[in-house]
Amino acid sequence: MKSILPLAALALIAAAEAPWDWGDAKDEYSSDFAQSKALCRQLRRREPPAADRPDPATAASLKGCDSEALYYGIGMPADPVKARQCAFLEADSDPDGVLSGRTMLMTIYANGRGARRDLDVAIHLACGLEGAPFESNGRVTHLAEMKTQARGQDFDYCDDITSGLAMGYCASHQARIAGAKRDAELARLTRGWRPAEAEAFARLRQAQEAFASAHGDGEVDMSGTARGAMAVNAEEEARDSFLALLRDLAAGHAPRYDAGGYRAADARLNAAYRKRMQATVPVDSPGAVTREGIRDAQRAWLRYRDAFLAFAAVKYPSVSRDSLAAWLTDQRIAMLAAEE
């Protein structure tokens, strides 16, 4: 039976079903960039080789896989071939995934790690990634320029970002990589600890993660487009500071404060906290810092401090409680001052 829909309606349906492509973008913000768009249209059908897709047995073995982790070796040995196979599965199940699926396939074909290098395929894949116009143009242009240059630094999705949204994605990506490295170092530091030490440390890590999250959520101005990246970076700084403290303790480099030094530090903390609260005025802006956010972060920090002192009493009993408390307090003062 023939369709009774007019040809114009059929054309609209076909356009709605077609995947987004930078070569077809016509909104006011992307009216320029004719060269990169023309390249996208030229390479519209330059799909990855069918033979590069995983066979049914391999696909079954990769159920629930993570191509980003497999490619970059996040918490596991890097395996670019499995990353490529996994990325095909992700692209099928979640075409709009960020730093997975199509994005990772673009990266794999651009760098020739996990598949034969094919920059035309990489460009075609880049053309299908929605983003800010300057990002789309920059990414396609970057890949095209790689065809005329000597082999250099690997291509990465985050090389060409311009939007606050993409900054958040890339900050999270870097945090995943850094987090896996921190976890590996913590595993080395804690290897061979007694059960009581390990239990106290597990409670400390839980309290530290709660504080890092409260700090990122409540003490960082997230009213701008780069709010995601800012929050992630603030949390990462708190986690890095925590690891640095543990390194110093393990190396016997704890500072020396007496009870008077701790009382003075505590007084400075109270003053810094009051100043920060007084400087924070209510504003009608989503994501802005509020007194409630600062208060919740401070309460989370107090729980973190107490968990740290309890852990140190078990693992490093020779370190003065007042000395460690003053050390932690000085770090919190610096954090409050930095976010003013």
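For the structure, check the block above.
Just so it is clear, the structure is predicted and the values come from calculations on it, not from any experiment. (Residues numbered from 1 in each chain as written. Predicted model: local features only at pLDDT ≥ 70, side-chain atom pairs only at ≥ 80, totals over all residues. Heavy atoms only, no water.)

### Structural notes on the nonpolar core
Then, number 1: Core analysis: the biggest nonpolar cluster contains 41 residues, and Phe201, Leu204, Tyr304, Phe308, Phe311 and Leu328 have the highest contact counts within it.
Then, number 2: Among the secondary structure elements, those contributing two or more residues to this core are α10 (195-218), α11 (227-250), α12 (259-279), α13 (291-315) and α14 (321-338).
Then, number 3: When residues of this core are assigned to their parent elements, the largest contribution, ten residues, is made by α13.
Then, number 4: What Leu328 contacts, discounting residues up to four positions off in sequence, is Leu245, Trp301, Tyr304, Arg305, Phe308 and Leu309.
Then, number 5: Counting 36 residues, the second largest nonpolar core, distinct from the first, contains Trp22, Leu99, Ile108 and Cys170. (Core = buried A, V, L, I, M, F, W, Y, C linked by side-chain atoms within 4.5 Å. Buried < 20%, exposed > 50% of the residue type's maximum accessible area, 1.4 Å probe, protein only. Helix = DSSP H or I, 4+ residues; strand = E, 2+ residues; numbered from the N terminus. Contact = heavy atoms within 4.5 Å.)

### Section: the state of the cysteines
Then, number 1: Following the criterion strictly, the structure yields three disulfides and no others.
Then, number 2: There is a disulfide in this structure between Cys65 and Cys86, and the S-S distance comes to 2.1 Å. One disulfide, between Cys65 and Cys86, carries an S-S torsion of 105° and so falls in the right-handed class. Here the residue Cys65 occupies a position in the loop between α3 (56-61) and α4 (67-72), and Cys86 occupies one in helix α5 (residues 80-93), the gap between them amounting to 21 residues.
Then, number 3: We classify Cys86 as buried; its relative accessible area is 0%.
Then, number 4: Covalent S-S linkage joins Cys158 and Cys170, the inter-sulfur distance amounting to 2.1 Å. Residues Cys158 and Cys170 are joined through a disulfide that is left-handed, its torsion about the S-S bond being -100°. Here Cys158, found in the loop between α8 (133-146) and α9 (164-190), pairs with Cys170, found in helix α9; they are twelve residues apart in sequence, far enough to count as distant. (Disulfide = S-S within 2.5 Å.)

### Quick word on the layout of surface pockets
Then, number 1: If you add up the space inside the largest pocket, you get close to 830 Å³.
Then, number 2: Elements with a minimum of two residues in the lining of the largest pocket: α5, α6 (101-111), α7 (119-127), α8 and α9.
Then, number 3: Split by residue class, the lining of the largest pocket holds 16 nonpolar, six polar and eleven charged.
Then, number 4: Lining the second largest pocket are 17 residues, and of these Glu237, Ala238, Ser241, Gln331 and Met335 lie nearest its centre.
Then, number 5: Residue assignment for the lining of the second largest pocket shows that the elements contributing at least two residues are α10, α11, α13 and α14.
Then, number 6: The element contributing the most residues to the lining of the second largest pocket is α14, with six residues.
Then, number 7: When its residues are assigned to classes, the lining of the second largest pocket shows ten nonpolar, four polar and three charged. (1 Å grid on protein atoms, 1.4 Å probe; cavity = no way out; pocket = protein on both sides within 12 Å on 5 of 7 lines; lining within 4 Å. Points joined across faces, edges and corners; volume = space filled by probe spheres on them. Nonpolar A, V, L, I, M, F, W, Y, C, P; charged D, E, K, R; others polar.)

### Details of the pattern of salt bridges
Then, number 1: Scanning the entire structure with this criterion turns up 21 salt bridges.
Then, number 2: In this structure, the salt-bridge partner of Arg113 is Asp154, at a minimum N-O distance of 3.9 Å. Placement of the pair is Arg113 in the loop between α6 and α7 and Asp154 in the loop between α8 and α9, with a sequence separation of 41 residues.
Then, number 3: The closest approach of N and O atoms between Arg239 and Glu235, which form a salt bridge, is 3.3 Å. Of this pair, Arg239 and Glu235 both sit in helix α11, four residues apart, roughly one helical turn. Each of the two residues, Arg239 as well as Glu235, counts as buried.
Then, number 4: Within the structure, one salt-bridge network assembled from shared partners comprises Arg182, Glu209, Glu235, Glu236, Arg239 and Asp240. (Salt bridge = Lys/Arg side-chain N within 4 Å of Asp/Glu carboxyl O.)

Nothing here speaks to function; it is all geometry.
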